Amino acid sequence: MNQPVELTGYIGSIDDSLFDEKNVSITITGGEYSFSSVSCSKPRSSDAVSELRKNMRVAVRGVITSEEMGIGLSRCK
């Protein structure tokens, strides 16, 4: 918890954030480590978000902030 990590996997979904309409929630599944899911939020206006597509293979860096209902990351890139 509260440690930086880098994970690889595939984008399972890019959805509206439940808590903030300016952000999207990105869920990553599979990859090198098999968590049920890893999610993070990014601003909808971010250049990186416009390039993301479902099933795209990605590497994500962030800080683990939650382990409930999958792994939650903050400051993800």
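Just above sits the structure.
Residues numbered from 1 in each chain as written. Predicted model: local features only at pLDDT ≥ 70, side-chain atom pairs only at ≥ 80, totals over all residues. Heavy atoms only, no water.

## A word on the overall build of the protein
Line of reasoning, step 1. Assigned secondary structure in the protein consists of one helix and five strands.
Line of reasoning, step 2. Listing every helix and strand of the protein by position from the N terminus yields β-β-β-α-β-β.
Line of reasoning, step 3. Each principal axis of the C-alpha atoms in the protein carries an extent, and together these give about 30 × 25 × 20 Å.
Line of reasoning, step 4. The buried share among the 77 residues of the protein stands at 35%.
Line of reasoning, step 5. Contacts in the protein between residues at least 24 apart in sequence constitute 45% of all its contacts with a sequence separation of at least 6.
Line of reasoning, step 6. When the accessible surface of the protein is totalled, it reaches about 5400 Å², and 50% of it is carbon and sulfur.
Line of reasoning, step 7. Of the side-chain charges in the protein, 9 are positive and 10 negative, and the distance between the mean point of each set is 5 Å. (Helix = DSSP H or I, 4+ residues; strand = E, 2+ residues; numbered from the N terminus. Buried < 20%, exposed > 50% of the residue type's maximum accessible area, 1.4 Å probe, protein only. Contact = heavy atoms within 4.5 Å. Areas by Shrake-Rupley, 256 points an atom, 1.4 Å probe, with all protein chains shown as cover. Lys, Arg positive; Asp, Glu negative; His and termini not counted. Charge placed at Lys NZ, Arg CZ, Asp CG, Glu CD.)

## Quick word on the environment of Arg 57
Line of reasoning, step 1. Within the secondary structure, Arg 57 is located in strand β4 (residues 57-66).
Line of reasoning, step 2. Linking Arg 57 and Ser 13, residues 44 residues apart in sequence, is a C-alpha distance of 12 Å.
Line of reasoning, step 3. Ignoring sequence-local partners within four residues, the contact set of Arg 57 consists of Thr 8, Gly 9 and Tyr 10.

## Let's talk about the sheet that holds β4
The strands making up a sheet are joined through hydrogen bonds of the backbone, oriented either antiparallel or parallel.
Line of reasoning, step 1. Reading around the circumference, β1-β2-β3-β5-β4 is the order of the five strands in this closed barrel, with mixed pairing throughout. The average undirected angle you get between the axes of adjacent strands in this sheet is 55 degrees. (Pairing = 2+ DSSP bridges. Axes fitted to C-alpha atoms, helices over the stretch in contact; angles between N-to-C directions.)

## Digging into the nonpolar core
Line of reasoning, step 1. Ile 26, Ile 28, Val 38, Val 58, Val 60 and Leu 73 are the most contacted members of the largest nonpolar core, which totals 15 residues.
Line of reasoning, step 2. Of all elements in the fold, only β1 (4-16), β2 (23-29), β3 (38-43), β4 and β5 (71-74) reach the threshold of two or more residues within this core.
Line of reasoning, step 3. In this structure, Val 58 is in contact with Leu 7, Thr 8, Gly 9, Ile 11, Ile 28 and Leu 52, ignoring residues within four places of it in sequence. (Core = buried A, V, L, I, M, F, W, Y, C linked by side-chain atoms within 4.5 Å.)

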